[in-house]
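Listed below, chain by chain, are the residues.
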Amino acid sequence: MLGLQFETATSWAEIAKNDLRQILTDHAFAEQKAAANATSIIINYSEETELVQEMALIAIEEMQHFKMVHDIMVKRGMTLGQGTKNDYALHLQSFFPKTKDRLESLIQRLLIAGLIEARSCERFKVFSENMEDAELSKFYLDLMASEANHYATFLNFARKYQDKEIVNKKWKGLLEYEAEFMKSRGIKAKVHG
């Protein structure tokens, strides 16, 4: 699915189902971070009109998703817990060498964001298919399409700003790197945990 090279085991869904407050809190903060990333791209690449317009739409949609998750929590008598560092995103960022080149930095950010969206989409699919809770199952199934669209948007922009073959090579390497990391995951009630 989406080029991912490692599939999440259904055992992760069991862990997530058994700690709904934690998975929902983590998901809410993941949506906030995605909105912040899109906003940061706007700030740093404000001269790229098409990119700015698409990132604005993504930032708005991600904050809408945050509110939807938070509304579910409130409805179920939960309060939003504390956010934690996203060690998954930090690990992906360590794949690429640090660069001061603006274009290269943009490509790296787009590819990492695309992979985060792809993995979120895959995890939401696993969660929705292994959930007896009808409301949450439908909610996560509905979110899958949005995550897939965001994934495609980020990847398409990377291919717009840099030669497609170069981007595809970077993407392939990042996918392999992520797959190795994911082999040790699936043990926490976190979207990427």
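Use the structure listed above.
Residues numbered from 1 in each chain as written. Predicted model: local features only at pLDDT ≥ 70, side-chain atom pairs only at ≥ 80, totals over all residues. Heavy atoms only, no water.

*Asks:* Which residues make up the environment of Asp-19, and what values go with them?
*Replies:* Here Asp-19 shows up in the loop between α1 (10-17) and α2 (20-44). Owing to a relative accessible area of 36%, Asp-19 belongs among the partly exposed residues under this scheme. Remark: the alpha-carbon pair of Asp-19 and Lys-190, spanning 171 residues in sequence, is separated by 9.4 Å. (Helix = DSSP H or I, 4+ residues; strand = E, 2+ residues; numbered from the N terminus. Buried < 20%, exposed > 50% of the residue type's maximum accessible area, 1.4 Å probe, protein only.)

*Asks:* Before we move on, can you summarise the packing of aromatic side chains with the specific residues and values?
*Replies:* When we look at a pair of aromatic rings, we describe it by the centre distance and by the angle of the planes. Tallied over the entire structure, the rule returns eight aromatic pairs. Each ring, one from Phe-95 and one from Phe-96, has its centre 4.9 Å from the other, and the planes form 75°; the classification is edge-to-face. A relative accessible area of 28% means that Phe-95 is categorised as partly exposed. Taking 6.0 Å as the distance between ring centres and 40° as the angle between the ring planes, the aromatic pair formed by Tyr-151 and Trp-171 counts as tilted. Highlighted residues: Tyr-151 in helix α6 (residues 134-161) and Trp-171 in helix α7 (residues 164-182), separated in sequence by 20 residues. Taken together, Trp-12, Phe-124, Phe-127, Phe-139 and Tyr-140 form an aromatic cluster joined through their ring pairs. Over the ring of Trp-12 we find Arg-123; its NZ or CZ atom is 4.4 Å from the centre of that ring. (Phe/Tyr/Trp six-rings, centres within 6.5 Å; stacked < 30°, edge-to-face > 60°. Lys NZ or Arg CZ within 6 Å of the ring centre and 35° of its normal.)

*Asks:* So, the environment of Lys-160: which residues are in play, and what are the values?
*Replies:* Within the secondary structure layout, Lys-160 lies in helix α6. The spatial distance from the C-alpha of Lys-160 to the C-alpha of Met-73 is 39 Å, given a sequence separation of 87 residues. In this structure the side chain of Lys-160 is engaged in a polar contact, spanning 2.5 Å, whose partner is the side chain of Glu-50. (Polar contact = N/O pair within 3.5 Å; in protein donor to acceptor, adjacent residues only side chain to side chain.)

*Asks:* If you had to explain the nonpolar core to someone new, which residues and values would you point to?
*Replies:* Soluble, globular proteins show a tendency: their nonpolar side chains are buried together. Ile-41, Leu-51, Leu-110, Leu-111, Leu-115, Trp-171 and Leu-174 are the most contacted members of the largest nonpolar core, which totals 33 residues. Going through the elements one at a time, α2, α3 (49-75), α4 (87-93), α5 (102-129), α6 and α7 are the ones with two or more residues in this core. Here the element with the most residues in this core is α5; it accounts for nine residues. Those residues in contact with Leu-110 that lie beyond four places of it in its chain are Ile-41, Leu-51, Phe-154, Phe-157, Ala-158 and Tyr-161. Ala-13, Phe-66, Met-78 and Tyr-140 belong to the second-largest nonpolar core, a separate cluster that totals 24 residues. (Core = buried A, V, L, I, M, F, W, Y, C linked by side-chain atoms within 4.5 Å. Contact = heavy atoms within 4.5 Å.)

*Asks:* Please set out the packing of α1 against α5 residue by residue, giving values where relevant.
*Replies:* Contact geometry for α1 and α5: axes closest at 9 Å, N-to-C directions at 75°. As judged from the angle between their axes, α1 and α5 are roughly perpendicular. Between α1 and α5, the residues in contact are Thr-10, Trp-12, Ala-13, Ala-16 and Lys-17 and Arg-123, Val-126 and Phe-127, respectively. The class makeup of the residues in the contact of α1 with α5 is five nonpolar, one polar and two charged. (Axes fitted to C-alpha atoms, helices over the stretch in contact; angles between N-to-C directions. Parallel < 35°, antiparallel > 145°, perpendicular 65-115°, else oblique. Nonpolar A, V, L, I, M, F, W, Y, C, P; charged D, E, K, R; others polar.)

*Asks:* Any details on the environment of Thr-8? Residues and values, ideally.
*Replies:* Residue placement: Thr-8 occurs in the segment before α1. Residue class for Thr-8 comes out buried when judged on its relative accessible area of 10%. With 178 residues separating them along the chain, Thr-8 and Gly-186 place their C-alpha atoms 6.9 Å apart. Those residues in contact with Thr-8 that lie beyond four places of it in its chain are Arg-119, Glu-122, Arg-123 and Val-126. Reaching out from Thr-8, the side chain makes a polar contact with the side chain of Arg-123 at a distance of 2.8 Å.

*Asks:* Before we move on, can you summarise the pattern of salt bridges with the specific residues and values?
*Replies:* Under the criterion given, the structure shown has 16 salt bridges. When the shortest N-O distance is used, the salt bridge between Glu-135 and Lys-75 registers 2.8 Å. In this pair, Glu-135 is assigned in helix α6 and Lys-75 in helix α3, connecting sequence segments 60 residues apart. Residue classification places Glu-135 among the partly exposed positions, given a relative accessible area of 31%. What emerges from the salt-bridge pattern is a single network uniting Lys-75, Arg-76, Asp-133 and Glu-135. (Salt bridge = Lys/Arg side-chain N within 4 Å of Asp/Glu carboxyl O.)

Geometric values such as these leave the question of function open.
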